[in-house]
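Chain by chain, the residues:
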Amino acid sequence: MPDSLCKTRPALHAVVLSAAVLVGCVPGAGTSGGAESAPGPQAGRAAVPLDNPDGTKPGLAPLTSDAERAAARRVVEGLTVKGRGPRTGYDRDEFGYAWMDTADGVPLARNGCDTRNDLLKLHGQNVRFRAGSDCVVVSMTLHDPYTGKTVEWRKQDAAEVQIDHVVPLSYSWQMGSSRWPESRRRQFANDALNLLPVEGRANSAKGDSGPASWLPPDRGVRCAYAVRFAQVALKYELPVTTADKRMMLRQCGG
C-alpha cells in the first residue's frame, strides 16, 4: 500500500459518481486582518457525503432520495470485515501530535494553519479570527451534523465544539493501523475526510465506538454518517466489524 493516500480509491470514486442526486456547496474563503468575518456554509447547505469524497466541502447533509440511499449501500457493501483487535499499545501520540499542519498527503496540510482551525474555518459560519490572524478562529456558528443543533461557539469555551475522528483513532488501531508507519497514521489523524467539528458532548459520548455501538442522535443524518465512515475505511483499506457493517447498511435501508 503506498504511503500517499490523498486520492480516493478508484472503486469508491466510481460508486460516488453513480449517485443520482448530489447536493454540495463551496466552502467560504478566509480573510486576513484581525476580527473580520469569513463566509461559511449556510444551514441546510451542507455537502452530501457521496459528493464529498475528500472531505473538503463543509457539513454532512442527509441522504434522502432512493437513488442516494442505494448509492450509499453500494459504498458500505464495499467494506471488508474482521474482528476488532486489542487496544494494546494504543496512544494518541502514535498518530503524531494533535492537529499538526505537517502531515503529508492530505488536504489542507502545510498551509500555515493547524488542522483544528482549518476544520473550524471550513465548517463554521460567521467565522471570526483573532486580531492579526487569518487562521485562529475565536468565534463561529456551527450547525452540528450529529445533533442538528446550532452551536454559537466562542474560543473561551473551546470544548463546546470538538473535532471528531469519524473513524476513531483507537478503532483504527484495533482494525490494523497499529501496523502502519507513523507517517500514514499522521495522515489518517489529520485527513479532512475523517474529521468533523461537532458538539462536544456528542463527541464525548461517541468515544471510540463503531456504528454498531454509537450513531448520531439526529436520525436523519445516520445514513450520511455511515457513508462518511465507509469512505474513510475504504480510503485507508481498513476493515470494519461485521456488526458495524450490518448497522451501517441498516441506516441506509439495507
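Refer to the preceding data block for the structure.
Residues numbered from 1 in each chain as written. Predicted model: local features only at pLDDT ≥ 70, side-chain atom pairs only at ≥ 80, totals over all residues. Heavy atoms only, no water.

**Overview of the state of the cysteines**
Step number 1: A full pass over the atoms with the stated rule returns two disulfides.
Step number 2: Note that C113 is cross-linked by a disulfide to C135, the S-S spacing being 2.2 Å. Its S-S torsion of about 85 degrees marks the bond between C113 and C135 as right-handed, since a negative value means left-handed. Within this pair, whereas C113 is found in the loop between α2 (66-77) and α3 (115-123), its partner C135 is found in the loop between β2 (125-129) and β3 (137-143), the two being separated by 22 residues in sequence. As far as the burial class goes, C113 and C135 line up, both buried.
Step number 3: The disulfide bridge from C223 ends at C252, spanning 2.1 Å between sulfur atoms. Handedness here is read from the sign of the S-S torsion; for C223 and C252, about 110 degrees, the answer is right-handed. With C223 in helix α7 (residues 222-235) and C252 in the segment after α8 (242-251), this pair connects stretches of sequence that are 29 residues apart. (Disulfide = S-S within 2.5 Å. Helix = DSSP H or I, 4+ residues; strand = E, 2+ residues; numbered from the N terminus. Buried < 20%, exposed > 50% of the residue type's maximum accessible area, 1.4 Å probe, protein only.)

**Overview of the packing of α2 against α7**
Step number 1: Two elements in contact, α2 and α7, have axes whose closest approach is 9 Å; the angle formed by their N-to-C orientations is 35 degrees. Both α2 and α7 take part in a crossing whose hand is left-handed. Counting all contacts with α2, which are made through R69, A72, V75 and V76, the residues of α7 involved are C223, A226, V227, A230 and L234.
Step number 2: Taken together, the residues of the contact of α2 with α7 break down into eight nonpolar, no polar and one charged. (Axes fitted to C-alpha atoms, helices over the stretch in contact; angles between N-to-C directions. Left-handed = near helix turned anticlockwise from the far one by under 90°. Contact = heavy atoms within 4.5 Å. Nonpolar A, V, L, I, M, F, W, Y, C, P; charged D, E, K, R; others polar.)

**What about the nonpolar core?**
Generally speaking, soluble globular proteins have nonpolar side chains that are buried together.
Step number 1: Formed by 50 residues in total, the largest nonpolar core has its most connected members in L63, L79, Y146, F188, Y225, F229 and L238.
Step number 2: Going through the elements one at a time, α2, α4 (169-175), α5 (182-190), β6 (195-199), α7 and α8 are the ones with two or more residues in this core.
Step number 3: With ten residues, the single largest contributor to this core is α7.
Step number 4: Each residue touching Y225, except ones within four places of it in the same chain, is listed here: L60, Y146, V166, K206, W214, L215 and P216.
Step number 5: With 13 residues, the next largest nonpolar core counts W99, L120, W153 and I163 among its residues. (Core = buried A, V, L, I, M, F, W, Y, C linked by side-chain atoms within 4.5 Å.)

**Looking at the environment of G96**
Step number 1: Its place among the elements puts G96 in the loop between α2 and α3.
Step number 2: What makes G96 buried here is its relative accessible area of 6%.
Step number 3: In this structure, G96 is in contact with E182 and R186, ignoring residues within four places of it in sequence.

**Some details on the pairing of strand β5 (residues 161-165)**
Step number 1: Extensive coverage of β5 is indicated by the burial of four of its five residues.
Step number 2: By the bridge criterion, five bridges tie β5 to β6 in an arrangement that is antiparallel. The partner of H165 across the bridge, within β6, is L195. (Pairing = 2+ DSSP bridges.)

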